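A structural walkthrough
The primary structure of each chain is shown beneath.
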Amino acid sequence: MAIMKYPVRDIGFVLFSLLLITGAAFASEYSYSDNAVPQVKAAVITCKGDIDYGLYKSIKRRTKIAIDDGATYLIYDIGTYGGLLKSADDISKFFILEVPRLNSKAHTVAYVTTEAISAGSLISVSCRDIIMLKNTTIGDCAPITIGGQLEGVTDQYEFFQGTALPEDSNTYDLGKKELVDSSDEILTLTAAKAHEYGIARAVVNDVNEALGFLAQRDNVKFAGPPIMLNTTWSEELARWLNSTTVMAVLVGLALLGVYIELTTPGLGLPGLLAVICFVLIIGSKYISGLANWIEIVLFVSGVILLLVEIFVIPGFGITGIAGIVLILVGLFGMLIKNAPNEVPWPTSPTEWRDFNHGIMAISVGLGAFIVLAWLASKYLPKIPFLSGLMLVPDVSKSEGVMPINMTRPTENETENLYVGDIGEVVSTLRPTGKAKFGDAIVDVVAEGDFINRGVKVEITGIHGNRVVVKAIF
């Protein structure tokens, strides 16, 4: 929808209706009737990188610190290309509704130092003032219509959208109309244009010049340099772990670790890798507020049930299925921010968008796992220092006969095994484990379901040092 700018002939009447970004009303400027210049404190709070729930929590924490320290001018240093819409909406509502409750004298300022794009423009226009560095940009966000007079605008303009154009030549200079934004584009403004149209209060060279502008306009004096409040390393780590790319990598590595652990005897590095990845996934979701204690309990309970099914109960039945269901419910519940007594299901377009980002991360991780699992089964045995992780094929001395490395000493150093030999399982096959043939205890792989300890087995194939057996009942 096109936006047209018209100079206003009637200065006594200015109706400002602007199709811009995500819209917010600017508040009236400060004024003081007494001669004394009040001293105030300022705090600069960085707002960089992707807009996400971790940044929202961090902004709330640092804003409270600044207000508790006596700062009334809250300068939000903004440099972002956007992010999650739900998080941007949370930050905007925090600026508009919660900050005044924390301190009625608090004055929020969006200080755009690089760009405020998409969700960044939404949180910028939710502040009482916007101040931009030279050569910065703001906008590129799906707009809504707002109306009313904009205070502090040096040039008298009104903005109209679409076909709702004025025809009164006595009020508007129709010959000097200007196309601000075409109908097939999303509005983006440079710092100079934003100031011309009244979106930005000032265009400055640095933060000191921004503070000078505020001091002169509001007739205040800043007591010393501003407090600098940056994100902590733990907040940045949690935000990094919750990103779509990193989450996909963690999911893929966790599944790969479980797969390798279940297809190799004993417990080792793959299992430890899986545990670390799951801890990072759950921990980052909990720190960022996406995971509550119920979802964590469901996830851990599912893992426990799955381990019981694998290592205790033979076959694969209700326990294993229940474990998988609980893991999926817990994991998917962590994709949506909800209270413990609420069903973790998206109820708004913004929540659906965030949920889809999480689904994408899990799907990419699952796809990566499938590829890595195939590569591991095909090439891992050929890598010398990693070949011990899987049962590696070797060339037998004769067809159907091979020397087997014993795991327990016997009278003979080797024992020849043949297809058709009968033995007994000495450690449950899941599907790998150990079986005894005569005096030799060897590593074997079961066909089909798991085989319990004490069950008689028959050798059905010998491929290198990979001995395949089946149960005899």
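Each remark here, short or long, concerns the structure printed above.
Thresholds applied
Residues numbered from 1 in each chain as written. Predicted model: local features only at pLDDT ≥ 70, side-chain atom pairs only at ≥ 80, totals over all residues. Heavy atoms only, no water. Pairing = 2+ DSSP bridges. Helix = DSSP H or I, 4+ residues; strand = E, 2+ residues; numbered from the N terminus. Phe/Tyr/Trp six-rings, centres within 6.5 Å; stacked < 30°, edge-to-face > 60°. Buried < 20%, exposed > 50% of the residue type's maximum accessible area, 1.4 Å probe, protein only. Salt bridge = Lys/Arg side-chain N within 4 Å of Asp/Glu carboxyl O. Core = buried A, V, L, I, M, F, W, Y, C linked by side-chain atoms within 4.5 Å. Contact = heavy atoms within 4.5 Å. Patch = residues over 30% accessible without salt bridge, like charges linked within 9 Å, V, L, I, M, F, W, Y side chains within 5 Å. Areas by Shrake-Rupley, 256 points an atom, 1.4 Å probe, with all protein chains shown as cover. Expected span 1.5 Å × (residues − 1). Polar contact = N/O pair within 3.5 Å; in protein donor to acceptor, adjacent residues only side chain to side chain.

1. Some thoughts on the pairing of strand S21 (residues 466-472)
Each regular strand carries side chains that alternate between the two faces of the sheet. Note: strand S19 (residues 440-446) against S21, three bridges, orientation parallel. Looking at the pairing, Val444 lines up with Val467 of S21. Direction of pairing for strand S20 (residues 456-463) relative to S21: antiparallel, over a ladder of seven bridges. Note on S21: the bridge partner recorded for Ile459 is Val469.

2. Some points on the packing of aromatic side chains
Using the criterion set out here, one finds five aromatic pairs in the structure. Here Tyr73 and Phe222 contribute two aromatic rings whose centre-to-centre distance is 5.2 Å and whose plane-to-plane angle is 80°, an arrangement assigned as edge-to-face. Here Tyr73 is found in strand S4 (residues 71-80), whereas its partner Phe222 is found in strand S13 (residues 221-222), with 149 residues between them in sequence. In this pair, the class of Tyr73 matches that of Phe222, namely buried. Residues Tyr76 and Phe95 carry aromatic rings whose centres are separated by 4.4 Å and whose planes lie at 40° to one another, so their mutual orientation is tilted. Of this pair, Tyr76 sits in strand S4 while Phe95 sits in helix H2 (residues 85-102); the two residues are 19 residues apart in sequence, bridging distant segments of the chain. Both residues of the pair, Tyr76 and Phe95, count as buried. One aromatic cluster is present, built from ring pairs that chain together Tyr76, Phe94 and Phe95.

3. What about the pattern of salt bridges?
Going through the model one piece at a time under the given rule, you end up with 11 salt bridges. Ionic pairing is found between Arg201 and Asp129, a salt bridge with its closest N-O pair at 2.7 Å. Taken together, the residues Arg201 in the loop between helix H4 (191-196) and strand S12 (202-204) and Asp129 in strand S6 (residues 129-133) connect sequence positions 72 residues apart. Take Arg201 and Asp129: they sit in the same class, and that class is buried.

4. Some details on the nonpolar core
Counting residues in hydrophobic clusters, the biggest one holds 40 residues, and the most contacted among them are Tyr76, Phe95 and Ile130. Where this core is concerned, the elements lending two or more residues are strand S3 (39-48), helix H1 (53-68), S4, H2, strand S5 (107-117), helix H3 (119-124), S6 and H4. By residue number, the principal contributor to this core is H1, which donates six residues. Ignoring sequence-local partners within four residues, the contact set of Tyr76 consists of Ile45, Ile59, Thr63, Phe94, Phe95, Val99, Thr108, Val109, Ala110, Tyr111 and Cys127.

5. Focus on a nonpolar patch on the surface
A cluster of nonpolar side chains, namely Leu269, Leu272, Ile276 and Leu280, defines an oily patch on the protein surface of about 370 Å² accessible area. With respect to the helices, strands and loops of the structure, Leu269 is situated in helix H8 (residues 269-287). Taking relative accessible area as the criterion, Leu269 reaches 64% and is therefore assigned exposed.

6. Focus: unusual backbone geometry
Here Ser118, not a glycine, exhibits a phi torsion of approximately 55°, which is positive. Relative to the helices and strands, Ser118 resides in the loop between S5 and H3. A positive phi angle is found at Asn219, which is not glycine, with a value near 55°. Tracing the chain through its elements places Asn219 in the loop between helix H5 (207-218) and S13.

7. Describing H1
For an α-helix, the turn length of 3.6 residues means that residues three or four places apart are oriented alike. Here H1 contains 16 residues, and its C-alpha end-to-end distance of 23 Å stays within 8% of the 22 Å for a straight helix at 1.5 Å per residue. Packed against the buried residues of H1 are S3, S4, H2, strand S14 (227-229) and helix H6 (233-241). N-capping of H1 is provided by Asp52, with a side-chain oxygen placed 3.3 Å from the backbone N of Gly54. Looking one or two places after H1, you find Gly70, whose phi comes out positive at around 95°.

8. Describing the pairing of S6
A large share of S6 lies buried, amounting to five of its five residues. By the alternation rule, side chains of S6 split into Asp129, Ile131 and Leu133 and Ile130 and Met132, which are all buried. With four bridges connecting them, S5 and S6 associate as parallel partners. Pairing of Ala110 across the sheet is with Ile130, part of S6.

Note that every value here comes from positions in space, so none of it alone points to a role or purpose.
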